[in-house]
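One letter stands for each residue in the lines below.
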Amino acid sequence: AEYLSKKYPQGMASTIEYRTCPFCEATCGLELHLNANKVTLVRGDRDDVFSQGFLCPKGTAFGHLEDDPDRLRTPQIRDRATGQWRSVDWPEAFAAIEKGLAPILADGDRNAVAMYLGNPNVHSLSMLIYNRVLIKGLGSENIYSASTVDQVPKQVSSGLLFGSSLTVPIPDVDRTDYLLILGANPFVSNGSLCTAPDLPGRLRALIKRGGQMVVVDPRRTKTAEEASEHLFIRPGTDAYFLFALVNVLFAENLVNLGRLSDHCIGLDGVRSLAAEFTPEAVEEICRIDAETISRVARELSRAKRAAVYARIGTCVQEFGTLASWLVDVINVLTGNLDREGGAMFPNPAAGGSRPDAKSGPGRGVSFGRRQSRVRGCPEIYGEFPVACLAEEITTPGSGQVRALITVAGNPAVSTPDSDVLNKALASLDFMVSVDIYRNETTRHADVILPSPSLLARSHYDIAFYQLSIRNIANYSPALVPLADHEMPEWEVLLRLGAIVSGLGSEVDPAALDDALATMFIERSIQRADSPISHLTVEEVLQHLGQRRGPDRILDLMLRTGPYGDVFTGDGGLTLDQLEDNPHGIDFGPLQPRVPEVLRTPSGKIELAPEPIVADVGRLSSALSQYKNDELVLIGRRDLRSNNSWMHNIKILIKGKDRCTLQMHPEDATRIGIQSGQVVRVISRVGELEVAAEVTDSLMPGVVSLPHGWGHSVDETQMAVAESMAGVNSNILTDGSLLDPLSGNAVLNGIPVEVSLVS
Ligand SMILES: Nc1nc2c(c(=O)[nH]1)N[C@H]1C(S)=C(S)[C@@H](COP(=O)(O)OP(=O)(O)OC[C@H]3O[C@@H](n4cnc5c(=O)[nH]c(N)nc54)[C@H](O)[C@@H]3O)O[C@H]1N2
Ligand SMILES: Nc1nc2c(c(=O)[nH]1)N[C@H]1C(S)=C(S)[C@@H](COP(=O)(O)OP(=O)(O)OC[C@H]3O[C@@H](n4cnc5c(=O)[nH]c(N)nc54)[C@H](O)[C@@H]3O)O[C@H]1N2
Ligand code: SF4
Ligand SMILES: [Mo]
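Reference entry: report on the structure contained in this document. Values in this document were obtained by computation on a predicted structure and should not be read as measured data.

### Quick word on the site of ligand 2
Neighbouring ligand 2 are 30 residues, the closest being Ser189, Asp217, Gly236, Asp238 and Asp638. Between Ile312 and ligand 2, the recorded distance is 3.2 Å, taken from a backbone N or O atom to an oxygen atom. One of the backbone N or O atoms of Ser641 is found 2.7 Å from a nitrogen atom in ligand 2. Here ligand 2 loses 97% of its free accessible area of 930 Å² to cover by the protein chains. Looking at the shell around ligand 2, the elements that each hand over two or more residues are α7 (186-189) and α14 (312-315). Looking at the shell around ligand 2, its residues break down into nine nonpolar, 13 polar and eight charged.

Here you go:
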């Protein structure tokens, strides 16, 4: 109160509200000071059960995003003849979409309409639930997302090992003694596939309590600087390094599965696969000497509690699935999987299992049920690789993509071979985007549908509590009513779903929403082990009361989840309860979940799944073929960035130019380059010019350019971003390079030539 009276002089009415920050995976609690529905101050919520006041610069920018004059508030239509954009009302926008899509869908080829889902979808309660309606209504095989420029290799390896794409082991950072980190920079990214607010603080605490943190990265990042040890690694060679660790564990008899020995199959398979990858065999390609590799293996096995954690650096490479698989193989071999201080499985309040859940064989995962039309890439979890999108648009023939729906995505900047994709987008017959900016992607749209103010949306991180280092539930209700010109995201998606499924643009969204809720309830009742199998749909609907939209479905998930009241009113978790606890509820540290969490066909952890075994030959042959003399490009994240889309906020973008090509002094001297000079970077697919920054934080032979920049293109509406445009690094990344098992794009380790622009 004292603080407030200082902050807000007498007479200034203001309220304080709490909500979870939606900008990254860390789920920090924000304390928002509102005045007349405007954000006047953002602080970290010190009472948040998980983040305890932690906040990063992006969270601070919450109000600036709300107030950004360039953020779209009303639907936009582009006149193709004149290129002019105008604001329209919702009925006109939906009518235009129906008119544009109807003839394409009427031709009978559902695949002619593609869909791309961007990263913010995973941060949106509405989108996570209602996109399914849109995808189902569309019935197209051409579904793409940011997953295939990100984490899908981890989801493939987890699916094969544990039986489900979301059963991803999370490093128990608060309780571990030894953490081996590869390809992640949590001091900047704030953590990914490891939801942990103030992860930097937690990692510092690990070191402070005498633990060790070893970071493997081609760049000496902030995380590497804070670590006990940093090992430079040649980009793209993590699978060799990890295989050599496995090799040493077997060779030196350090394998000890502990409690998991009864729950694993395929151990001998792993042993024989690792045989050829001795530390001596891989040291040159990884540029980590054999003795160091052996030492790290010993340290991992001897630590009381250890975990290996790897993130995007190990995913966006040609051996992404193998590397992701090896990480968890090592966690198993050292007895650290599913135990305190190791790598563990969260049990999320929405989507987890109840205490009495049965274990046993499951259905496992399957891929490749169909192939992409042009390149023949296998389908992965219902999607094709986004690196295939451009060719599906530009290659004529039956099944050609003629229209695109993007939801919260900026593939024109975020996906490989951007020049090619940009041209492809410009050639579409019709495009719709659900987005808050007219940016590099959405400028190609015929219609843009905005999302409402963040304050007018409810929020719950269904996705990230599945990946969290503690079992947490925290719900943020909408804080302000929708403005007249706003439409909830879920209604936008339902209406789009109605259009693409042929119901038309004039539908009753409330009735559609009831139908969706009914479907969710039916599924919940029919699930094996359902705790509500004794209830009817009508009874459940009655229990769920007045809530509508995603909140009603969230309430269903929470109440039938591991901590839920199962509609008994026994004090178990409900959404009402979360509303009464604005700082969240902590269900405690992670608990062992094997075997109950396993869904593989054997009911065991399948250590040597067939698709992985079949891919190892590719790794062996590449061992003898690598070139050691070329420069390779990697990316870089920055504390004040969020992929491509937060560059229109002045406080995040100001300061010195961050979009530079970093290179090692040896390389700079050889080529004759000094910091600040403009260099030309050429890859197989593209070229660009950018300022050089000479720094020994990179290993020799590696250059680094951040992604998400390149805002100086026509027809966008992002004045601030344009003033500090930078260049788009994905002009250089090669869309023909994929990790074949997952379809993930290769965004790091791209061969480039660098020369001085005279
Ligand atoms: N070279 C290289 N490329 C990369 C990466 C890399 O490391 N290197 N990283 C990759 C990764 S990890 C990812 S996740 C992808 C991201 O790929 P994308 O998701 O395609 O790109 P973003 O930049 O996150 O763009 C998000 C879009 O969502 C919009 N948006 C933001 N908030 C909202 C909202 O509330 N509602 C709606 N409707 N729209 C919203 C933004 O305006 C923007 O258009 O990029 C990938 N690309
Ligand atoms: N501030 C900020 N935070 C973000 C984002 C952002 O854009 N800005 N994006 C968010 C998103 S969508 C994601 S997915 C997460 C990603 O979270 P992180 O995975 O932590 O992301 P990065 O900071 O890109 O860290 C990847 C690291 O891998 C290294 N690397 C590159 N190639 C290789 C390689 O071949 N091997 C190894 N071992 N390392 C390699 C890079 O040098 C880099 O340090 O961050 C999220 N948080
Ligand atoms: S770390 Fe992530 S969740 Fe926390 S304030 Fe920053 S952007 Fe928001
Ligand atoms: Mo991402």
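Read on for the rest.
### Some details on the packing of helix α4 (residues 90-106) against helix α19 (residues 489-500)
Interhelical geometry of α4 versus α19 gives an angle of 35° and a closest axis separation of 9 Å. You can see that α4 and α19 cross each other, and the crossing is right-handed. Between α4 and α19, the contacting residues are Trp90, Phe94, Ile97, Glu98, Leu101 and Leu105 on the first element and Val492, Arg495, Leu496, Ile499 and Val500 on the second. A class-by-class count of the residues in the contact of α4 with α19 yields nine nonpolar, no polar and two charged.

### Looking at the pattern of salt bridges
Between side chains of opposite charge, a pair can form as their charged atoms come close. Summed over the entire model, instances satisfying the criterion amount to 45 salt bridges. Across the pair Lys154 and Asp328 runs a salt bridge, and its minimum N-O distance is 2.7 Å. A residue pair is termed long-range when its members are at least 10 positions apart, and Lys154 in helix α6 (residues 152-162) and Asp328 in helix α15 (residues 320-333) qualify at 174 residues. With relative accessibility at 5%, the residue Lys154 sits in the buried group. Across the salt bridge formed by Arg548 and Asp514, the nearest N and O atoms sit 3.9 Å from each other. Placement of Arg548 in the loop between α21 (537-544) and α22 (549-560) and of Asp514 in helix α20 (residues 509-526) is noted, with a sequence separation of 34 residues between them. Accessibility expressed as a relative area gives 41% for Arg548, which makes it partly exposed. Counted as one network, the salt bridges with shared partners bring together Arg547, Asp555, Arg559, Asp565, Asp576 and Glu579.

Conventions adopted
- Residues numbered from 1 in each chain as written.
- Chains lettered and ligands numbered in written order.
- Predicted model: local features only at pLDDT ≥ 70, side-chain atom pairs only at ≥ 80, totals over all residues.
- Heavy atoms only, no water.
- Near = heavy atom within 4 Å.
- Polar contact = N/O pair within 3.5 Å; in protein donor to acceptor, adjacent residues only side chain to side chain.
- Areas by Shrake-Rupley, 256 points an atom, 1.4 Å probe, with all protein chains shown as cover.
- Helix = DSSP H or I, 4+ residues; strand = E, 2+ residues; numbered from the N terminus.
- Nonpolar A, V, L, I, M, F, W, Y, C, P; charged D, E, K, R; others polar.
- Axes fitted to C-alpha atoms, helices over the stretch in contact; angles between N-to-C directions.
- Left-handed = near helix turned anticlockwise from the far one by under 90°.
- Contact = heavy atoms within 4.5 Å.
- Salt bridge = Lys/Arg side-chain N within 4 Å of Asp/Glu carboxyl O.
- Buried < 20%, exposed > 50% of the residue type's maximum accessible area, 1.4 Å probe, protein only.

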